[in-house]
Number of protein chains: 2
Amino acid sequence: MSSEFDDAIALESLGAGRYAGTVGPGWRIGSGVNGGFLLALVGRALSMELSGVGHPDPFTMSACYLAVPHPGPVWVHVTVLRSGGSISAARATLLQDESESGPGDTSSATPRMEVLALFGSLDGLPDEVSTTARPFEISPFEHSIRSAAPPQALTHAELLNRIDLRLDPSTAGWAIGKPSGAGVIQAWFAFADGREPDPLALLLAVDALPPVAFDLGRPGWAPTLELTVHVRAKPAPGPLRVRHATRNVAGGHFEEDCEVWDSADRLVAQSRQLARLPRLPPTT
Amino acid sequence: MSSEFDDAIALESLGAGRYAGTVGPGWRIGSGVNGGFLLALVGRALSMELSGVGHPDPFTMSACYLAVPHPGPVWVHVTVLRSGGSISAARATLLQDESESGPGDTSSATPRMEVLALFGSLDGLPDEVSTTARPFEISPFEHSIRSAAPPQALTHAELLNRIDLRLDPSTAGWAIGKPSGAGVIQAWFAFADGREPDPLALLLAVDALPPVAFDLGRPGWAPTLELTVHVRAKPAPGPLRVRHATRNVAGGHFEEDCEVWDSADRLVAQSRQLARLPRLPPTT
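Residues numbered from 1 in each chain as written. Chains lettered and ligands numbered in written order. Predicted model: local features only at pLDDT ≥ 70, side-chain atom pairs only at ≥ 80, totals over all residues. Heavy atoms only, no water.

Draft legend 1. Spatial organisation of the environment of Val-206 of chain A. Residue and element names in this part refer to chain A. Take Val-206: it is sitting in the loop between α4 (199–205) and β12 (224–231). A relative accessible area of 1% places Val-206 in the buried class. Sequence separation between Val-206 and Pro-111 is 95 residues; the distance between their C-alpha atoms is 22 Å. Apart from the residues lying within four places of it in its own chain, the contact partners of Val-206 are Leu-227, Val-229, His-244, Cys-258, Val-260, Ala-269 and Ser-271. (Helix = DSSP H or I, 4+ residues; strand = E, 2+ residues; numbered from the N terminus. Buried < 20%, exposed > 50% of the residue type's maximum accessible area, 1.4 Å probe, protein only. Contact = heavy atoms within 4.5 Å.)

Draft legend 2. Expanded view of the interface of chain A and chain B. Contact residues are listed per partner, giving 53 residues for chain A and 53 residues for chain B. Note on chain A versus chain B: buried area summed over both sides is about 4,600 Å², and carbon and sulfur give 50% of it. Together, Arg-232, Arg-247 and Arg-272 of chain A form the three largest contributors to the area buried by chain A at its contact with chain B, with a combined 15%. Viewed at the interface, chain B and chain A are joined by eight salt bridges. Inspection of the region where chain A meets chain B yields 42 residue pairs in polar contact (both at pLDDT 80 or more). At the level of elements, β5 (57–65), β6 (72–82), β7 (88–96), β8 (110–120), β12, β14 (249–250), β15 (253–261) and β16 (267–276) of chain A are the ones that each hand at least two residues to the side of chain A that touches chain B. Among the elements that take part in the side of chain A that touches chain B, β16 of chain A stands out by supplying seven residues, more than any other. A breakdown of the residues in the side of chain A that touches chain B according to their chemical character gives 22 nonpolar, 17 polar and 14 charged. (Buried area = accessible area lost by both parts, 1.4 Å probe. Salt bridge = Lys/Arg side-chain N within 4 Å of Asp/Glu carboxyl O. Polar contact = N/O pair within 3.5 Å; in protein donor to acceptor, adjacent residues only side chain to side chain. Nonpolar A, V, L, I, M, F, W, Y, C, P; charged D, E, K, R; others polar.)

Draft legend 3. Structural context of the relation of the copies chain A and chain B. The transform that puts chain A on chain B rotates by 180° and translates by 0.0 Å along the axis, for an RMSD of 0.0 Å. Within this description, the copies of the chain are treated as partners about a two-fold rotation axis. Most of the interface of chain A is mirrored in chain B, where 100% of its interface residues are also at the interface. (Least-squares fit on C-alpha atoms with pLDDT ≥ 70 in both.)

Draft legend 4. Structural view of helix α2 (residues 35–50) of chain B. All names here are of chain B. Between its terminal C-alpha atoms α2 stretches 22 Å, which fits the 22 Å expected from 16 residues at 1.5 Å a residue. Counting buried positions along α2 yields 13 of 16 residues, so the element is predominantly enclosed. Between a side-chain oxygen at the N-terminus of α2 and the backbone nitrogen of Gly-36 the separation is 3.0 Å; the capping residue is Asn-34. (Expected span 1.5 Å × (residues − 1).)

Draft legend 5. Quick peek at the pairing of strand β10 (residues 163–167) of chain A. Residues and elements named next belong to chain A. Most of β10 is tucked away: five of the five residues are buried. Of the two faces of β10, the one carrying Ile-163, Leu-165 and Leu-167 and the one carrying Asp-164 and Arg-166 are both buried. Two elements, strand β9 (residues 145–146) and β10, share two bridges in a ladder whose sense is antiparallel. Counted as the bridge partner of Ile-145 is Leu-167 from β10. The pairing of β10 with strand β11 (residues 184–191) spans five bridges and is antiparallel. Looking at the pairing, Leu-165 lines up with Phe-189 of β11. (Pairing = 2+ DSSP bridges.)

Draft legend 6. The arrangement of the environment of Leu-118 of chain A in detail. Within the fold, Leu-118 of chain A resides in strand β8. On the basis of relative accessibility, which here comes to 4%, the residue Leu-118 of chain A falls in the buried class. Along the backbone, Leu-118 of chain A and Ser-139 of chain A are 21 residues apart, and their C-alpha atoms lie at a distance of 34 Å. Excluding anything up to four places from it in sequence, Leu-118 of chain A contacts Asp-57, Pro-58, Phe-59, Thr-60, Ile-87, Ser-88 and Ala-89 of chain A together with Cys-64, Leu-225 and Glu-226 of chain B.

Below is the structure:
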């Protein structure tokens, strides 16, 4: 069964670790393409490359965002660093702006994102779970706020049509001009077309909420500099619960920690990113 | 003034982003060389490569450990991905096992560690600090436990002679067979020879404590698979306070979060690693 997400991250293998695809306009948010979506696209290339050695699933992915990508053709170049045993390591570069010399020639393309990743088989891990973290409190799915209006006019917000993002009212005060100052945003995450979550969807989920800077009274673009995600288990079907929080806002940067819980109360993904803090709005 | 740490991470530039050095036997712990030390060694190469564009300091580094390194000659190959503006991006590979064809020929060397990094100038960041995190409670430096005996016979523990690591008694029960089960280990960190901390020292500090698995009653080797560190400020002189904690122990892996506070109560570094969980000791 086809889904918007699977169609969007579909890639053609060009051989020798090279993959080609298209970034659709439907995954834009603000002035660029959503960073979590791009991570999933690169994750798809890595999964294709490493499935042959039995390592189709992301264990860890670290991404540096080098330049803002835009809708259009995209290439992913994968280099396997180590393969075999229970974990493979690889790096991947996402490129755009092909020269006019034809498909597959990426000699003049610009790197947009660089990824370092470990892949393996989530099904192959032992069953033991002794996690001490408990799921966070969140308002029920049906009482959460669907597709809240962005706090300022965004150039693009097509992403919000792809996902069914329901913000917890207790952490959404910023949407009506009353940020809590706590630096926390929580939401339910599902695909709008009902596609169930899987490991690649978790890569999108960790970077699909509004930046926690909104809850600090700092609306505006908060570009991700670096993001690292650990995928710890395949998510059970049903909406995911996602929590973003920051503790260290300093020097024009802030860290944003994210945890993703599935419907079976399993902590399936954790991520942390370093992002640039939006400037303080002018006092009126 | 010379220091053991600076001597140990000293590198010779071979040109074209290639650096050569030596891993001394004094930085071993257990069956390998300390991963934080290796991160600092790679950080030194990146700093040398990027100082020319005014970006001598690590902002973020993500490392995947590919194979266990050993004392002896080592090479670091740096590839700059983006340079200019306020942040440079680069990747680096640490290699060992040179062929016999002479220095500089690393064609038959084995990659031991792969790093993706953002570098910039910590002095160039704005002064604003609105961090909400508070320093954790820890017993005073003079009441903490110097160089606690490892909980089991380690092949090597030379690292403990390089650093003045003082464990907080409240999180060191595992050393006398009474792990708390909370998954927390705290310590003061300083260099044994009195060298003051700097950004490269923070790279060592985030991975110099015993694994938090010890406090879960899981002594044994807990190899780091991936580690990402954010360096947020230059540390003030004086011993650092380091806290390791885990919340998600599952599937044979655990995440280990680390925070490092300096003597001026600034949260100067945060890191997270994914590590392999040691097997449960046999019940007796």
